[in-house]
Amino acid sequence: MTSTVAGRPIPGGPPAGRRRRRIADNLQAYLFLAGALICFGAFSWYPLVRGVMLSFQQDNFVTPPEWVGFDNFQALVHDPLFFTAWRNTLVFTGMALVLGYSVPFLIAVVINEMRHLTGFFRIAVYLPVMLPPIVTVLLWKYFYDPGPGLFNTVLRAMHLPTSDWTQSPRTAMISLVLVSTWSNMGGATIMYLAGLSAIPGELYEAAELDGASVWQRLRHVTLPQMRFVLLVLLLLQVVATMQVFIEPYQLTGTTDPSTITVMVLIYRYAFVVNNDFGLAAAMSVLLFIVLGAFSAGYLRLTRRAD
């Protein structure tokens, strides 16, 4: 039967029928989402919760785990390498921001101003990102070789003094930063180019009519229009560089105190010296807390500024 009011039928049938159709539509949508939710829970949330639980245990995955409470965190603080790793990580992040944050932006501005071969240069800048990270690091390891390496060979040919590059504490960190910057700047450059292409050309035309120089156009037009992209990429780059692992692990190893980072120390706790995954998990939890607090504070400050 069709429900009626004052002799006229109500579209959509009785309320119970509409409710059943709504439930059926929602159920269908949730079934499509079920696969993604299961994968997200199994490969994201479960490892996160398991890592937090593991940080309060002593576990080498051989003997049964033992609950030790905050002993792992106390052991971290008393390890001399703990503060060394944090200091090296912060130094690497600061140096990587100077190069990896500003250089891609300058390259993007130059490519955006070009009238010819822009497609070629976009591909050329992005090519290093397409290489597997381990291949990139091994390539630069050959460049840095103090004997037959490419860089020292060029320096000898020019009768200039050679360098130990990754073997010297004075040059090891900047050598790692150069590798990281070269291998990752392509993605940031493409994002900057996308933001630059969205800036209305009328703004530059008006600035040119007012007699603005290149620097003035960059300062008063480009930077304000790119503010959101710059803020987002700054946050992403800080989070990424704080988790640097492949470069120091492959180029300087796990024993060099001048380049050991937080991620390398985590690997050292789990697989090299202690074989204590609880200690490694505790270090991972501390890194998660630091990055989470920084991200929350950064987003709060930028939102307040907006």
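Scroll up for the structure.
Treat the numbers as computed from the prediction; the structure is a model and nothing was measured. (Residues numbered from 1 in each chain as written. Predicted model: local features only at pLDDT ≥ 70, side-chain atom pairs only at ≥ 80, totals over all residues. Heavy atoms only, no water.)

Q: Tell me about the overall build of the protein chain, and please be specific about residues and values.
A: Looking only at helices and strands, the protein chain features 14 helices and four strands. For 306 residues, the compact-globule estimate of 2.2 N^0.38 gives 19 Å, and the protein chain exceeds it by more than 25% at 27 Å. Viewed in the frame of its principal axes, the protein chain has a C-alpha envelope of about 100 × 75 × 35 Å. Among the 306 residues that make up the protein chain, the fraction classed as buried is 36%. Long-range pairs, those at least 24 residues apart, make up 61% of the contacts in the protein chain between residues at least 6 apart in sequence. Carbon and sulfur atoms form 68% of the exposed surface of the protein chain, whose accessible area is close to 18,800 Å². Taking the average place of the 20 positive charges on the side chains of the protein chain and the average place of its 16 negative ones, the gap between the two points comes to 14 Å. (Helix = DSSP H or I, 4+ residues; strand = E, 2+ residues; numbered from the N terminus. Rg over C-alpha atoms; globule rule 2.2 N^0.38 Å. Buried < 20%, exposed > 50% of the residue type's maximum accessible area, 1.4 Å probe, protein only. Contact = heavy atoms within 4.5 Å. Areas by Shrake-Rupley, 256 points an atom, 1.4 Å probe, with all protein chains shown as cover. Lys, Arg positive; Asp, Glu negative; His and termini not counted. Charge placed at Lys NZ, Arg CZ, Asp CG, Glu CD.)

Q: Lay out the packing of aromatic side chains in plain terms, naming residues and giving numbers.
A: A complete count under the given rule lists 24 aromatic pairs for this structure. Every member of this aromatic cluster is reached through a ring pair, and the members are Trp140, Tyr142, Phe143, Tyr144, Phe151, Trp165 and Trp182. (Phe/Tyr/Trp six-rings, centres within 6.5 Å; stacked < 30°, edge-to-face > 60°.)

Q: Can you break down a negative patch on the surface residue by residue, with the values?
A: A contiguous patch of negative charge, built from Glu113, Glu202, Glu205 and Glu208, is present on the exposed surface. Of the residues forming the negative patch, the biggest block, three residues, is contributed by helix α9 (residues 201-209). Along the chain, Glu202 falls in helix α9. (Patch = residues over 30% accessible without salt bridge, like charges linked within 9 Å, V, L, I, M, F, W, Y side chains within 5 Å. Salt bridge = Lys/Arg side-chain N within 4 Å of Asp/Glu carboxyl O.)

Q: Tell me about unusual backbone geometry, and please be specific about residues and values.
A: As a rule of thumb, non-glycine residues mostly have phi less than zero, and peptide bonds are mostly trans rather than cis. Even without being a glycine, Leu117 presents a positive backbone phi close to 60°. Structurally, Leu117 can be placed in the loop between α4 (102-113) and α5 (118-130). The backbone of Trp165 sits at a positive phi, close to 55°, despite the residue not being glycine. Here Trp165 is to be found in the loop between α7 (150-157) and α8 (172-197). Relative accessible area serves as the criterion here: at 18%, Trp165 is assigned to the buried category.

Q: I'd like to hear about the environment of Gln243, residue by residue, with values.
A: Among the secondary structure elements, Gln243 is positioned in the loop between α11 (227-241) and α12 (246-251). A C-alpha to C-alpha distance of 9.1 Å links Gln243 and Val264, two positions 21 residues apart in sequence. Among the polar contacts listed, one links the side chain of Gln243 to the backbone oxygen of Val239, at a separation of 3.0 Å. (Polar contact = N/O pair within 3.5 Å; in protein donor to acceptor, adjacent residues only side chain to side chain.)

Q: Can you break down the side chain of Thr171 residue by residue, with the values?
A: Along the chain, Thr171 turns up in the loop between α7 and α8. Setting aside its immediate chain neighbours within four residues, Thr171 contacts Ser163, Asp164 and Trp165.

Q: Hey, could you go over helix α3 (residues 80-100) for me, with residue numbers and the actual values?
A: With 21 residues, α3 ought to run about 30 Å at 1.5 Å a step, and its terminal C-alpha atoms sit 30 Å apart, in line with that. Of all the positions in α3, only Phe82, Thr84, Ala85, Trp86, Asn88, Thr89, Phe92, Thr93, Ala96 and Gly100 are classed as buried. Residue Asp79 occupies the N-cap position of α3, its side-chain oxygen lying 3.1 Å from the main-chain nitrogen of Leu81. (Expected span 1.5 Å × (residues − 1).)

Q: Outline the nonpolar core, listing residues and values.
A: Formed by 25 residues in total, the largest nonpolar core has its most connected members in Leu76, Trp86, Val262 and Met283. Elements represented by at least two residues in this core include exactly α2 (71-77), α3, α13 (262-272) and α14 (277-305). Of the residues forming this core, the biggest block, nine residues, is contributed by α14. Apart from residues lying up to four places away in sequence, Leu76 is in contact with Phe82, Tyr269, Leu279, Ala282, Met283 and Leu286. Ranked by size, the runner-up nonpolar core spans 19 residues in total, among them Tyr101, Ile199, Leu218 and Leu233. (Core = buried A, V, L, I, M, F, W, Y, C linked by side-chain atoms within 4.5 Å.)

Q: Any details on the packing of α3 against α8? Residues and values, ideally.
A: As a packed pair, α3 and α8 sit with axes 9 Å apart at the nearest point and diverge in direction by 50°. In this view, α3 runs oblique relative to α8, as classed from their interaxial angle. As for how α3 packs across α8, the hand of that crossing is right-handed. The segment α3 lies against α8, with Asn88, Val91, Phe92, Met95, Ala96, Leu99 and Gly100 engaging Met173, Ile174, Leu176, Val177, Leu178, Ser180 and Thr181. Grouping the constituent residues of the contact of α3 with α8 by class yields 10 nonpolar, four polar and no charged. (Axes fitted to C-alpha atoms, helices over the stretch in contact; angles between N-to-C directions. Parallel < 35°, antiparallel > 145°, perpendicular 65-115°, else oblique. Left-handed = near helix turned anticlockwise from the far one by under 90°. Nonpolar A, V, L, I, M, F, W, Y, C, P; charged D, E, K, R; others polar.)

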